[in-house]
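Survey of secondary and tertiary structure
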Amino acid sequence: MAEVPLGGEPRALSAPAVDVPEPAAEGPWARLCWGVRAYGFIAAMWIRSTMVYRGSFLMMVAGSLTLTALDFAAIVIMFSHVGALGGFALPEVALLYGTCTASFGLADLLMGSFDKLGTRVRDGTMDTVLVRPVPALAQVAADRFALRRLGRVLQSAAVLGWALANVDVDWSGGSVLLLVVTLLSGAAIFCSLFVLGGAFQFVAQDAAEVQNSFTYGGVTLLEYPPTIFAKELVRGVTFVVPLAFVNWLPVLRILGEDDPLGLPGWVDFGGPVVAAACCALAGLAWRAGLRAYRSTGS
Amino acid sequence: MTDDGFIVLEDVEKVFQVRRRARGRLRRERHEVRAVDGISCAVARGEMVGYIGPNGAGKSTTIKMLTGILTPSGGRLRVAGIDPSRQRARLARRIGVVFGQRTTLWWDLPLRDSYALMRRMYRVPEARFRANLDRCVELLDLGGLLEVPVRQLSLGQRMRGDITAALLHDPEVLYLDEPTIGLDVVSKATVRRFLRELNASLGTTVLLTTHDLTDIEQLCERVMVIDHGRLMYDGALGGLHEVGESERTLVVDLERELPPIEGIEGARTVRTRGPRQWLAFPASASAAPIVSQVADGYPLVDLSVREPDIEDVIARMYSGL
């Protein structure tokens, strides 16, 4: 190999060679924007790389669609034997199912890579995330971004569409807004659950299954009307893990039903507040988790 | 402590709480491991420093504290005036890190895509990125490998790819944690030549840990030896001989087999085999008076002087300290 001088003239190294504003120095808002942007281009890179194998990608999406469709098929079959479940007819259950899985599907699409975090912590590859100038949260969430998870979102959108066309509701501007806000804050609550679970994995490195029982387990719970479950369970879900805000309370309001706990009416609109609280909690837990990170021996 | 140090450590400590299962019981015991136990040193801008020590001495832990991955349990740490663990993201844009044991590249992406992602993460201007990449590709011989997914690269190719990735944003400091581990002779030579030129032409400060002393001999004027989390030696590589009390060996061939040579001032006989005898004397002493003493008292046929092996010196330091 020929001896080639490295870049000729020595550069003055008194200042950083690349002169771009420091994202970290610009305050939390700029940091957030930078994180979101970084998430975007990392995810885009993974999408491009999966699109190289387009056929395989389409099969994965189809597979994911079919699997989640079977999920709803089970509910439909149940309704072919009983006319109503806990006082709810099929379109109403479909509305519950649709809002919940849409929220979850969105969160899973955005944050699903978080369950790989335990492996990263255990084998020490988290180190490489931490030496890059991009918020670790954005890097972990966007890592191996899997567009095939869109399958669940598509399926839930279809169910939701059918449910909205068939439920017996007088739609007003208010209830449409409530539905949209419910979907978004639901997604935010699930996202923060993913992050919380991730933060927990810094401490207990095999906790991915505990996390799954809350996220995936929570989804199954929310697909059914709350009235079929025991009151204690509903209470626990409402107050301990605030999954009820994802859809039960607001959807009951849209359907004009009372909630089984007899909570005051304003609680039904608490979704965004609960979502914001969850996100804040998740953010704090994530920072604590990062501080507790111990890397591996080499 | 010098104030002009580019990398400054003052009494830096890292203590891990380790839980392990007590023998024969279900409960676990806690105890402390002092991975880094009060290290103070300063590295000037543009220096190239070797950081050596036996396995588990605390080398990687130090590097991880210097990058901000780990938070020190005590002491003060500054890199380019930045506290690494508090301003990790800010520091990240000014340092480059190569972990010999794991890659910073994306396993499933071709090198070119990994580098493109790096460019956006570090916000490197396009022209600068292109120039840096071209330079590394040429010097590290990566030309035909840019389209290959990282998982298909050999260890030597991957290491060269990792070094390139660490330099695309013109870091002021480059940390290399065992950059030549597992590489063949040719790859090692390529990596060393590259690092030497990087340091000489760009003035990049380099801190490298290694088990291969040839790395140190060829690259670093200064070496730090660490063991059990403490700094045992900090200075020129040659100076290790004095600290390590290393000895040179005078090998003499006599006319015939004789009892071990005695009464030589400043030397002692350590071994005999037939007419050949080995005499050890301090590395700092001159061989001439010893040779003349032997020649005066014994029928000397031939002789040679062996220099101490730096590996032996360090091995003795590791075991003796």
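Within each chain, residue numbers correspond to sequence positions counted from 1 in written order. Each chain gets a letter, beginning with A, and each ligand a number, beginning with 1, in the order they are written. The predicted origin of the model limits local features to residues at a pLDDT of at least 70 and limits the giving and counting of side-chain atom pairs to 80 or more, whereas totals for whole chains, interfaces and linings rest on all residues.

Looking at the overall build of chain A
Let me state the cut-off plainly: Secondary structure is summarised from DSSP: a helix means a run of H or I of at least four residues, a strand means a run of E of at least two, and numbering begins at the N terminus for each. Residue burial here comes from a neighbour count, namely the number of other C-beta atoms, placed from the backbone, that lie within 10 Å of the residue's own C-beta, with 20 or more meaning buried, 12 or fewer meaning exposed, and in between meaning partly exposed. With C-beta atoms placed from the backbone, a contact is any residue pair whose C-beta atoms sit within 7 Å.
Looking only at helices and strands, one finds 12 helices and zero strands in chain A. Relative to its 298 residues, chain A shows a buried fraction of 40%. Counting contacts in chain A only where the partners sit at least 6 residues apart, residues at least 24 apart contribute 83% of the total.

Points about the UniProt feature "transmembrane region" (unreviewed entry) in chain A
All names here are of chain A. As a reminder, the rule being used: UniProt positions are given in the numbering used here, feature names are shortened, and annotations may be inferred rather than shown by experiment.
Here the UniProt-annotated "transmembrane region" (unreviewed entry) positions come out as residues 59-82, 94-114, 175-196, 233-249 and 269-290. Along residues 59-82, the helical share is 88% and the strand share 0%, with 35 Å between the first and last C-alpha atoms. The span residues 94-114 shows a helical share of 86% and a strand share of 0%, and its end C-alpha atoms are spaced 28 Å apart.

Regarding the packing of helix α2 (residues 54-79) of chain A against helix α7 (residues 150-166) of chain A
Residues and elements named next belong to chain A. Rules: Lines fitted to the C-alpha atoms define the axes, with helices restricted to the stretch that makes contact. Angles between their N-to-C directions range from 0 to 180 degrees. By the definition adopted for this analysis, an angle is roughly parallel if under 35 degrees, roughly antiparallel if over 145, roughly perpendicular if from 65 to 115, and oblique otherwise. By convention, the crossing between two helices is left-handed when the near helix turns anticlockwise from the far helix through less than a right angle, and right-handed when the turn is clockwise. Three residue categories are used. Nonpolar comprises Ala, Val, Leu, Ile, Met, Phe, Trp, Tyr, Cys and Pro, charged comprises Asp, Glu, Lys and Arg, and polar comprises the others, including Gly.
Contact geometry of α2 with α7 gives a least axis separation of 8 Å together with a crossing angle of 45°. Accordingly, the angle class assigned to the pair α2 and α7 is oblique. Every pair of crossing elements has a handedness; the one defined by α2 and α7 is right-handed. Judged by residue contacts, V61, S64, L65, T68, A69 and F72 of α2 engage L150, G151, R152, L154, Q155 and V159 from α7. Considered class by class, the residues forming the contact of α2 with α7 number seven nonpolar, four polar and one charged.

Points about the sheet that holds strand β9 (residues 230-236) of chain B
All names here are of chain B. What counts is decided by this rule: Strand pairing is assigned whenever DSSP detects at least two bridges linking the two strands.
If you trace the six strands from one edge of the open sheet to the other, you get β5-β6-β7-β3-β8-β9, paired in mixed fashion. In this open sheet, the two strands that pair with only one neighbour each are β5 (95-99) and β9. Neighbour to neighbour, the strand axes of the sheet diverge by 15° on average, direction disregarded. Direction of pairing for strand β8 (residues 222-227) relative to β9: antiparallel, over a ladder of six bridges. Paired with M224 across the two strands is D234, which belongs to β9. Sitting on the sheet, helix α5 (residues 155-167) is in contact with β5 and β6 (173-177), with an inclination near 165° to β5.

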